[in-house]
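Examination of the molecular architecture
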Amino acid sequence: MKSTYSGKLIKRSYSDKIFDIVNTMIMIMLLFIFAWPLWFVLIASFSDPNQVWLGNVVLWPKGITLDSYKALWEYKSIWTGYANTIFYTVVGTVFNLIITVCAAYPLSRKDFLPRKFFQWMFMFTMYFGGGLIPTYLVVSDLGLVNTRWAMIIPCAISVYNMLVVRNYFMNSIPPSLQEAATLDGANSVQYLIKIVLPLSKPVMAVIALYYAVGHWNDFYTALVYLYDEKLLPLQTFLRDMLMSSKMSLNNLSGMDAETIARKMQISQTLKYSAIIVSTVPVLCIYPFIQKYFVKGVMIGAVKG
Amino acid sequence: MNRIKTNQKKDNLFQRLLRDIKRNWLLYVMILPVVVWFLIFCYRPMYGVLMAFKDYKVKLGIMGSPWVGLEHFKRFVNIPSFKNLIRNTLTLSIYSLVAGFPIPIIFALLLNYLRQPRLKKTVQMVSYAPFFISTVVICGMIAIFTAQDTGIFNTIRGWFGLESVDFMAKPEWFADIYVWSGIWQGMGWSSIIYISALSGVDYELHEAAIVDGATKVQRIIHVDLPSIKSTIVMLLILQMGSLMGVGFEKVYLLQNPLNTEASSVISTYVYSVGMINSDYGYSTAVGLFNSIINIILLVTANAIVKKLSDESLF
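Of regular secondary structure, chain A possesses 14 helices and zero strands. Counted from the first residue to the last, chain A has its helices and strands arranged as α-α-α-α-α-α-α-α-α-α-α-α-α-α. Here chain A holds 304 residues, and the buried ones make up 48% of them. A sequence separation of at least 24 residues applies to 73% of the contacts in chain A between residues at least 6 apart. When the accessible surface of chain A is split by element, carbon and sulfur atoms take 67% of a total near 15,300 Å².

Turning our eyes to something else, we now look at the overall build of chain B. Regarding its fold elements, chain B presents 17 helices and zero strands. For a compact globule of 314 residues, the expected C-alpha radius of gyration is about 20 Å, and chain B comes in at 26 Å, more than 25% above that figure. Dimensions of chain B, computed from C-alpha atoms along their principal axes, come out at roughly 75 × 55 × 40 Å. The long-range fraction of contacts in chain B, counting pairs at least 24 apart against all pairs at least 6 apart in sequence, stands at 63%. When the accessible area of chain B is evaluated, it comes to approximately 16,300 Å², of which 64% is carbon and sulfur surface. Charge-centre separation for chain B: the mean point of 28 positive side chains lies 12 Å from the mean point of 19 negative side chains.

So, about the environment of Phe101 of chain B. If you trace the backbone, Phe101 of chain B turns up in the loop between helix H5 (82-100) and helix H6 (102-112). Each residue touching Phe101 of chain B, except ones within four places of it in the same chain, is listed here: Ser96, Tyr194, Ile232, Leu235, Leu236 and Gln239 of chain B.

Before going further, it helps to examine the interface of chain A and chain B. Much of the literature gives interface size as the accessible area that the parts lose upon coming together. Every contact between the two is made by 92 residues of chain A and, on the other side, 87 residues of chain B. For the interface between chain A and chain B, the tally reads four salt bridges. A salt bridge links Lys216 of chain B to Asp20 of chain A; its shortest N-O distance comes to 2.8 Å. Where chain A packs against chain B, one counts 14 residue pairs in polar contact (both at pLDDT 80 or more). For the side of chain A that touches chain B, the element with the most residues is helix H2 (residues 14-46) of chain A, which contributes 19 residues. Looking at the side of chain A that touches chain B residue by residue, the class counts come to 67 nonpolar, 15 polar and ten charged.

Residues and elements named next belong to chain B. According to the domain assignment, chain B contains domain 1 (2-64) and domain 2 (80-309). One C-alpha centre belongs to domain 1, the other to domain 2; they are set 38 Å apart. Facing eight residues of domain 1, the contacting portion of domain 2 comprises five residues. Summing the contributions of domain 1 and of domain 2, the shared interface buries around 450 Å²; its carbon and sulfur component is 87%. The three residues of domain 1 that bury the most area against domain 2 are Val49, Met51 and Ala52, which together make up 68% of that side's buried surface. Applying the counting criterion to the domain 1 and domain 2 interface returns zero salt bridges. Seen at the junction of domain 1 and domain 2, the total is zero residue pairs in polar contact (both at pLDDT 80 or more).

On to the domain arrangement of chain A. Per the domain assignment, the segments of chain A are domain 1 (2-65) and domain 2 (70-237 + 275-301). The distance between the C-alpha centroids of domain 1 of chain A and domain 2 of chain A comes to 36 Å.

Further remarks concern the packing of helix H7 (residues 132-141) of chain A against helix H16 (residues 266-276) of chain B. Remark: H7 of chain A packs on H16 of chain B, axes separated minimally by 10 Å, with the N-to-C direction vectors making an angle of 35°. The chirality of how H7 of chain A crosses H16 of chain B is right-handed. Across the interface between the two elements, Leu132, Ile133 and Tyr136 of chain A of H7 of chain A pack against Val270, Tyr271, Gly274 and Met275 of chain B of H16 of chain B.

All names here are of chain A. On the surface, a cluster of nonpolar side chains totalling about 780 Å² of accessible area is made up of Met29, Phe32, Ile33, Trp39, Leu42, Val58, Leu59 and Trp60. In this fold, Val58 is placed in the loop between helix H3 (49-54) and helix H4 (67-74). With a relative accessible area of 38%, Val58 lands in the partly exposed category.

Attention now goes to the confidence of the model for chain A. On average, residues of chain A score 85 in pLDDT, and 88% of them are at 70 or above. The model gives residues 1-10 of chain A a pLDDT under 50, and that stretch makes one contact with residues more than four places away or in other chains.

The next thing to look at is helix H11 (residues 201-217) of chain A. Between the first and last C-alpha of H11 of chain A there are 24 Å, a value that for 17 residues agrees with the 24 Å anticipated at 1.5 Å per step. Counting buried positions over the 17 residues of H11 of chain A gives 13, a clear majority of the element.

Counted by the stated rule, this structure contains 43 aromatic pairs over all chains. Note on Phe131 of chain B and Phe132 of chain B: the rings are 5.5 Å apart at their centroids and 90° apart in plane angle, and the pair reads as edge-to-face. Looking at Phe131 of chain B, the relative accessible area reads 33%, which means it is partly exposed. Among the aromatic residues, those joined into a ring-pair cluster are Phe112, Phe117, Phe118 and Phe122 of chain A together with Tyr28, Trp37, Phe38 and Phe41 of chain B. Above the face of the Trp73 of chain A ring, Lys76 of chain A is positioned so that its terminal group lies 5.9 Å from the ring centre. One cation-aromatic arrangement involves Lys54 of chain B over Trp67 of chain B; the distance from NZ or CZ to the ring centre is 4.4 Å.

Attention now goes to the side chain of Asp16 of chain A. As for its placement among the helices and strands, Asp16 of chain A is situated in helix H2. Despite its burial, Asp16 of chain A pairs with no opposite charge, the nearest such side chain being Arg219 of chain B at 5.0 Å. Not counting residues up to four positions away in its chain, the partners in contact with Asp16 of chain A are Thr215 and Lys216 of chain B.

Analysis parameters
- Residues numbered from 1 in each chain as written.
- Chains lettered and ligands numbered in written order.
- Predicted model: local features only at pLDDT ≥ 70, side-chain atom pairs only at ≥ 80, totals over all residues.
- Heavy atoms only, no water.
- Helix = DSSP H or I, 4+ residues; strand = E, 2+ residues; numbered from the N terminus.
- Buried < 20%, exposed > 50% of the residue type's maximum accessible area, 1.4 Å probe, protein only.
- Contact = heavy atoms within 4.5 Å.
- Areas by Shrake-Rupley, 256 points an atom, 1.4 Å probe, with all protein chains shown as cover.
- Rg over C-alpha atoms; globule rule 2.2 N^0.38 Å.
- Lys, Arg positive; Asp, Glu negative; His and termini not counted.
- Charge placed at Lys NZ, Arg CZ, Asp CG, Glu CD.
- Salt bridge = Lys/Arg side-chain N within 4 Å of Asp/Glu carboxyl O.
- Polar contact = N/O pair within 3.5 Å; in protein donor to acceptor, adjacent residues only side chain to side chain.
- Nonpolar A, V, L, I, M, F, W, Y, C, P; charged D, E, K, R; others polar.
- Domains from an automatic or database assignment.
- Buried area = accessible area lost by both parts, 1.4 Å probe.
- Axes fitted to C-alpha atoms, helices over the stretch in contact; angles between N-to-C directions.
- Left-handed = near helix turned anticlockwise from the far one by under 90°.
- Patch = residues over 30% accessible without salt bridge, like charges linked within 9 Å, V, L, I, M, F, W, Y side chains within 5 Å.
- pLDDT = per-residue confidence, 0-100.
- Expected span 1.5 Å × (residues − 1).
- Phe/Tyr/Trp six-rings, centres within 6.5 Å; stacked < 30°, edge-to-face > 60°.
- Lys NZ or Arg CZ within 6 Å of the ring centre and 35° of its normal.

Spelled out as structure tokens, the structure:
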């Protein structure tokens, strides 16, 4: 065992050895660059605000407290946003999946006459669209502005995801199954629900996750279509919290310098706990579903 | 004679369609809501683009509003910030392309030659994670890390005896912040497609190269790169097409009154004149201007690449 290992070592040329060492070093550095910012936010959220403020928190938490989580708990609007986002994500994703399958399945059937026409009609919208204002006016004419539906209906389908599903239906499900099902007297819908969809669980999982992450992270749709505070999603509140110093500068009058400093520190660490609380649902399921995401990219890479 | 022939053809298509509807009526029922959705949310806005050539009044509607021809376009070209908008849009997109396109390829190649399988897995997994973080959180993190007093970048500058800089308030730093944070967020994810392409490279080619005494660097250049060329070209065309399409969300979130000189791009301009000033016709014209340039770029890039290497999108 040992001899084969050293044999391999001898085979590797001098320049290859340098390459391997440099490569390993680059990768360890990259690992640090990718992981540290996330790690820092996590430890800062558990650390004493004062220590974070002084720059003493670098690799490990200092003076562990839950102060910033307590402060976040009292920040009511973010929880309204949380509830709204859960609603938009769940309802939106279910709606997306239904519409996506309704488009992908007929387009995957070679005996469907207007298949080429509809495919062209859908794909054209990937390259050209009406733009912000014309779309806004359509949504507004339908009376959807400032309703929950504005977060769901205008984003009903992503053509890219639809093509991924269609490719899967066409390439991974043997057409002989359809002949068999037809002989047994099943119609298209029965065949789709009883045979195609159960066989397509991996791709449906990938697409569901794509859509769900999209809804969870969506900031733009709410910016354009919503203004009622009760309807706003998490990302909008996060933005107010992270990108503006509005709330830390509120009601500063009538406080002594120490309280102000304390308040500002808390509002600073509040940012860390807010990031953690809003990102944790996505990052927690991430390691388990990672392989599916990768699979989704591969399926999509098959030229349409 | 001729007329009869064409009539027959039309009848045939129509008859075939009728027959197909009878046979596959369930498929038609299934796709109908999707078609209606596309007509309402994609094709009706395209018709609404007409307001780029009109003095649009909500009361009059698109058809009733008077034509103004190219008036809105002339106005856009003549605003004082026109050059600035174009320059910023191009700076951000070309910089993103030049820096952001090769890096995932290099990353994938290096990862492919990494000898420690566990390190490889860990790096891969960690590098994909930032992709799932929302733009809002990414921008919040940028604000935290570039902060003047406690941000890590200023701490590092402090080690080298440099004075601290309020990065977000300085227009000259905007492009760097935008592009490199984008690379941090996207490089792992963009590398997946190259990693999968590399795993498909014929290993016999590598064996032959090894027998010939090729080093790893030589193998990368002469075996791996030629083998994944078509993937690279395809993705390059796609990115060229969106050269003028600098995403709205991130620029909008990073924008503040102190850095607008570098951070006002076409898409944020479309938003501010359209949604904030409610200047609908003009905003639509600016958006149309942008998407026409995009399409021209996409088609040109596709044509050039087709000529050079026989690869194309369409």
